[in-house]
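If you want the building blocks of each chain, they are given just below.
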Amino acid sequence: MKLGIIGLPNVGKSTLFNSLTKAGAESANYPFCTIDPNIGVVPVPDERLTRLSEMYHSQKTTPATVEFVDIAGLVKGASKGEGLGNQFLSNIREVDAIVHVVRCFDDPNIIHVDGSVDPVRDIETITLELIFSDLEVLEKRIQKNQKAAMNDKAVRKEMDTCRALKALLESEKCVREYQAEDEEEEAFVHSLNLLTDKPVIYAANVSEDDLPYDGASNPYVQQVRDYAEKEGSSVFVVCARIEEEIAELPDEEKAMFLEDLGISESGLDKLIRASYSLLGLISYLTAGEKETRAWTIKKGTKAPQAAGKIHSDFERGFIKAEIVSYPDLISLGSYNLAREKGLIRMEGKDYVMQENDVVVFRFNV
């Protein structure tokens, strides 16, 4: 899963990025991976892996991972090169979803780029820049394929879609709102990697005082929630400053610190939960002496395709999946006991994978 973090300058975007990546790396004892100065790979916190690793005495534990891409703070005119924005926007075309950090706190010591705190205005400023950037992509594509469309029916159909998308964007609406005629057109639209086609999660960045109540009494947060509800997006409340403090703590002190604050989970936990839900993702598990591992798949994935996440040979030569549910396995304490109790299921090619499936794939190539 790859998430792009965007926002205006001074909204807490880079603070959140730095703290999320560092917190994630430390909480799972997983080396923080810096691919680029603005890219961080962190593990998905998953208590199930710890329990299974202990049960199987696994030599290695491999969590699912999230890749965060942080781009420089966008400003009005970014799509035209203001603040080098356009250069950075290209960095998030490949992400699965966008995390839009919105300032929901007052602080006279932190200057707002537009002079005052107004979450809806800020969201609309950024959204317009994404729209302008997408328009540029579509205009270039239409111009490039004009001649080919005259003699090629398939290209002509694609150009008709591009013009329809262009008209939608010119009315200041996002590509996410486009109603495709069929699955083929929908696939083409997604293949364009347009920024306003990406699902959005709004990170409402609040002060420490507002965090325990999930921003319930913060009018700025309510404005973000109302805006998100209209467009079908998700919202999670976070305090970037607190996340920064959490990131510095050893594992054993984090839970105590969160409890003292009156909150049950960190911003990283909230964000990952919201992301999995928004993108329709689940994780199945494999466990053994060599390795215990989480594998991320789309909801609705069938067993052979899930096996293909491990290796293409697993999918090609799929015979069956031996499955036990994680709660059953943990309550009994061993795979053999689960087998004795008849809790190991043999599933075939049409089985749809479920959250909490612990799997052994049988295949022959």
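Here, the structure is the one placed above.
Report on the accompanying structure. Owing to the predicted nature of the structure, the values given are computational and were not obtained by experimental measurement.

The rules behind these values
- Residues numbered from 1 in each chain as written.
- Predicted model: local features only at pLDDT ≥ 70, side-chain atom pairs only at ≥ 80, totals over all residues.
- Heavy atoms only, no water.
- Axes fitted to C-alpha atoms, helices over the stretch in contact; angles between N-to-C directions.
- Helix = DSSP H or I, 4+ residues; strand = E, 2+ residues; numbered from the N terminus.
- Parallel < 35°, antiparallel > 145°, perpendicular 65-115°, else oblique.
- Left-handed = near helix turned anticlockwise from the far one by under 90°.
- Nonpolar A, V, L, I, M, F, W, Y, C, P; charged D, E, K, R; others polar.
- Buried < 20%, exposed > 50% of the residue type's maximum accessible area, 1.4 Å probe, protein only.
- Contact = heavy atoms within 4.5 Å.
- 1 Å grid on protein atoms, 1.4 Å probe; cavity = no way out; pocket = protein on both sides within 12 Å on 5 of 7 lines; lining within 4 Å.
- Points joined across faces, edges and corners; volume = space filled by probe spheres on them.
- Pairing = 2+ DSSP bridges.
- Right-handed = clockwise from strand over helix to strand, strands pointing away.
- Salt bridge = Lys/Arg side-chain N within 4 Å of Asp/Glu carboxyl O.
- Phe/Tyr/Trp six-rings, centres within 6.5 Å; stacked < 30°, edge-to-face > 60°.
- Lys NZ or Arg CZ within 6 Å of the ring centre and 35° of its normal.

### A few points about the packing of helix α4 (residues 119–151) against helix α5 (residues 153–170)
The interhelical angle for the contact between α4 and α5, taken along N-to-C directions, is 155°, at an axis separation of 9 Å. In terms of orientation, α4 lies roughly antiparallel with respect to α5. The crossing of α4 and α5 is left-handed. When grouped by side-chain class, the residues that make up the contact of α4 with α5 number twelve nonpolar, three polar and nine charged.

### Regarding the side chain of Ser53
With respect to the helices and strands, the residue Ser53 is situated in helix α2 (residues 47–56). Given a relative accessible area of 10%, Ser53 falls into the buried group. Not counting residues up to four positions away in its chain, the partners in contact with Ser53 are Ser58, Thr61 and Thr292.

### Quick word on the layout of surface pockets
Of the pockets and cavities examined, the second largest pocket occupies roughly 300 Å³. Lining of the second largest pocket is provided by 19 residues; of these, Phe105, Ile110, Asn205, Ala240 and Arg241 occupy positions nearest its centre. Element by element, the count of residues in the lining of the second largest pocket is highest for helix α8 (residues 240–248), at four residues. For the lining of the second largest pocket, a count of residues per class yields seven nonpolar, six polar and six charged.

### Some points on empty space enclosed by the protein
Applying the stated criterion across every chain, the model contains one cavity of 30 Å³ or more. The space that makes up the largest cavity amounts to roughly 70 Å³. Surrounding the largest cavity, Ile6, Ile98, His100, Ile126, Thr127, Leu130, Cys174, Arg176, Leu195, Thr196, Val200 and Tyr202 form its lining. Contributing elements (two or more residues each) for the lining of the largest cavity: β6 (97–103), α4 and β7 (200–205). Examining the composition of the lining of the largest cavity, we find that three residues originate from one element, α4, more than from any other. When its residues are assigned to classes, the lining of the largest cavity shows eight nonpolar, three polar and one charged.

### Focus: the pairing of β7
Counting buried positions along β7 yields six of six residues, so the element is predominantly enclosed. Here β7 shows no split at all, with Val200, Tyr202 and Ala204 on one side and Ile201, Ala203 and Asn205 on the other all buried. In terms of strand pairing, β6 meets β7 through six bridges, oriented parallel. Each residue of the ladder has a partner; that of Arg103, found in β7, is Asn205. For β7 and strand β8 (residues 234–238), the ladder comprises five bridges, and the chain directions are parallel. From the neighbouring strand, Asn205 faces β8, where its bridge partner is Val238. Of the crossover connections in this fold, the one passing from β7 over helix α7 (residues 219–231) to the parallel β8 is right-handed.

### Quick word on the pattern of salt bridges
Evaluated as defined, the whole model comprises 23 salt bridges. A salt bridge links Asp214 to Arg225; the shortest N-O distance between them is 3.1 Å. A residue pair is termed long-range when its members are at least 10 positions apart, and Asp214 in the loop between β7 and α7 and Arg225 in helix α7 qualify at eleven residues. Using a relative accessible area of 34% as the deciding quantity, one classes Asp214 as partly exposed. For Arg225, a relative accessible area of 25% corresponds to the partly exposed category. A salt bridge links Lys270 to Asp214; the nearest nitrogen and oxygen atoms lie 3.4 Å apart.

### Structural notes on the packing of α8 against helix α9 (residues 251–261)
It is the contact of α8 with α9, at a shortest axis distance of 9 Å, that shows an interaxial angle of 150°. In terms of orientation, α8 lies roughly antiparallel with respect to α9. Seen along the crossing, α8 lies across α9 with a hand that is right-handed. On α9, the residues that touch Ile242, Glu245 and Ile246 of α8 are Lys254, Phe257, Leu258 and Leu261. Its residues assigned to classes, the contact of α8 with α9 comprises five nonpolar, no polar and two charged.

### Concerning the environment of Val117
Examined against the element boundaries, Val117 turns out to sit in the loop between β6 and α4. The spatial distance from the C-alpha of Val117 to the C-alpha of Gly288 is 52 Å, given a sequence separation of 171 residues. Leave out the neighbours within four places in its chain, and Val117 touches Arg103, Phe105, Asp106, His112 and Tyr220.

### A closer look at the packing of aromatic side chains
If you walk through the whole model with that rule in mind, you get five aromatic pairs. An aromatic cluster is defined as three or more aromatic residues linked by ring pairs; in this entry it consists of Tyr284, Trp295, Phe318 and Phe361. For Arg293, the ring lying beneath its charged end belongs to Trp295, and the centroid distance is 4.1 Å.

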